[in-house]
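Listed below, chain by chain, are the residues.
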Number of protein chains: 2
Amino acid sequence: MEQPRGTRVRGTRQASAVAAALTSLPGFCSAQEIHAELRRRGETVGLTTVYRHLQVLSEQGAVDTIRDPSGETLYRQCGSTAHHHHLTCRVCGRSVEVEGRVVEQWAEKVAAEAGFTSVDHTVELFGLCPDHAA
Amino acid sequence: MEQPRGTRVRGTRQASAVAAALTSLPGFCSAQEIHAELRRRGETVGLTTVYRHLQVLSEQGAVDTIRDPSGETLYRQCGSTAHHHHLTCRVCGRSVEVEGRVVEQWAEKVAAEAGFTSVDHTVELFGLCPDHAA
DNA sequence: CTGATAATAGAAACGATTATCATTACGAGC
DNA sequence: GCTCGTAATGATAATCGTTTCTATTATCAG
């Protein structure tokens, strides 16, 4: 519904490559890791391009982004477009999508009580997956 | 209880200055803003030193840190040492401490179900305070 | 096939934070 | 009060993820 016809969004080799890498990588990973992964596969894609596609995909809601404790941005292709959060392993990046109706409700209630509006929230859970338990 | 007597932690002008600035600033603010505020007051404190003190205070639990959407780290002196979260105004940085027993419990439950351990969580709420409602 | 222009990618710019290290100053003991 | 060892400081340089710049390349409608 947003494609007037004529000259618009072009399908490029790089766009597919980034999307493919994202699909094949199991957990959250950084833009740089994705870039490295592409080179490993023999795909030549500039780092700039990787960032650009990740940003676009993120805006479209096709990938989820979180920030790891060090401040790096991590990306992951997500199954559902619905709002959800993640429980991510600090060691391997493997993550589980968790649904948080409870949290959403809590956030709204708290915000309303304080008189705040247009409230947005970030909720991230980091821990050790079964394979990496201390 | 952790001060053997002899040569230990030194109380310096800079340490007090950073603490004072933190006390006087109402909302969350960045290390650089704190540094600027100090210079404005005529206090001469190096940026490096500001960062160092903020880190120490943060480890002691005397200040809370969050990351704003752009990735910058923000600091704020906190009343309670108890675990809590914040509801921060996107415009003025003013923030309210909110207690989240519900969230903690939810986080633990979700983690246990997925078999994750050593789970840590970050929960931040950003919105518009009454004064800045659209 | 061809041309207009979107997309690409390397290099340089950026901005927050951290590391380096010579200098300064606190404060315990004389 | 004065000295000295050492913690603290702070200017500068280095890091590092990310963004901007811009000349070049490649896509796709006609």
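Residues numbered from 1 in each chain as written. Chains lettered and ligands numbered in written order. Predicted model: local features only at pLDDT ≥ 70, side-chain atom pairs only at ≥ 80, totals over all residues. Heavy atoms only, no water.

Peer 1: Hey, could you run me through the sheet that holds strand β3 (residues 73–77) of chain B in this one?
Peer 2: As a general point, the strands of a sheet are linked pairwise by backbone hydrogen bonds and lie either parallel or antiparallel. All names here are of chain B. Spatially, the three strands line up as an open sheet ordered β1-β3-β2, and their pairing is antiparallel. Each having just a single partner strand, β1 (29–30) and β2 (63–67) make up the two edges of the open sheet. Here β1 pairs with β3 via two bridges, running antiparallel. Across the sheet, residue C29 finds its bridge partner in β3, namely Y75. (Pairing = 2+ DSSP bridges. Helix = DSSP H or I, 4+ residues; strand = E, 2+ residues; numbered from the N terminus.)

Peer 1: What's the story with the state of the cysteines in this structure? I'm lost.
Peer 2: A disulfide bridge is the covalent bond that connects two cysteines by way of their sulfur atoms. Residues and elements named next belong to chain B. According to the stated counting rule, one finds zero disulfides over all chains in the structure shown. No disulfide involves C89; its nearest neighbouring cysteine sulfur is the one of C92, lying 3.6 Å away. Overall, the relative accessible area of 3% leaves C89 in the buried class. (Disulfide = S-S within 2.5 Å. Buried < 20%, exposed > 50% of the residue type's maximum accessible area, 1.4 Å probe, protein only.)

Peer 1: Is there a simple way to think about the interface of chain A and chain B in this case?
Peer 2: When the parts come together, some accessible area is lost, and that loss is often what is quoted as the size of the interface. With 37 residues of chain A in contact, the opposing surface of chain B contributes 37 residues. Counting the surface lost from both chain A and chain B, the interface buries some 2,800 Å², and carbon and sulfur atoms represent 67% of this. The largest per-residue losses of area from chain A upon contact with chain B belong to W106(A), F116(A) and L125(A), which jointly make up 25% of the total buried on that side. Here chain A is connected to chain B by ten residue pairs in polar contact (both at pLDDT 80 or more). Listing elements by their share of the side of chain A that touches chain B, those giving two or more residues are β4 (85–89), β5 (95–98), α4 (101–114) and β6 (117–128) of chain A. Per-element accounting of the side of chain A that touches chain B gives the leading share, twelve residues, to β6(A). Counted by class, the side of chain A that touches chain B contains 21 nonpolar, ten polar and six charged residues. Judged from the nine bridges that link them, β6(A) and strand β6 (residues 117–128) of chain B form a sheet pairing that is antiparallel. (Contact = heavy atoms within 4.5 Å. Buried area = accessible area lost by both parts, 1.4 Å probe. Polar contact = N/O pair within 3.5 Å; in protein donor to acceptor, adjacent residues only side chain to side chain. Nonpolar A, V, L, I, M, F, W, Y, C, P; charged D, E, K, R; others polar.)

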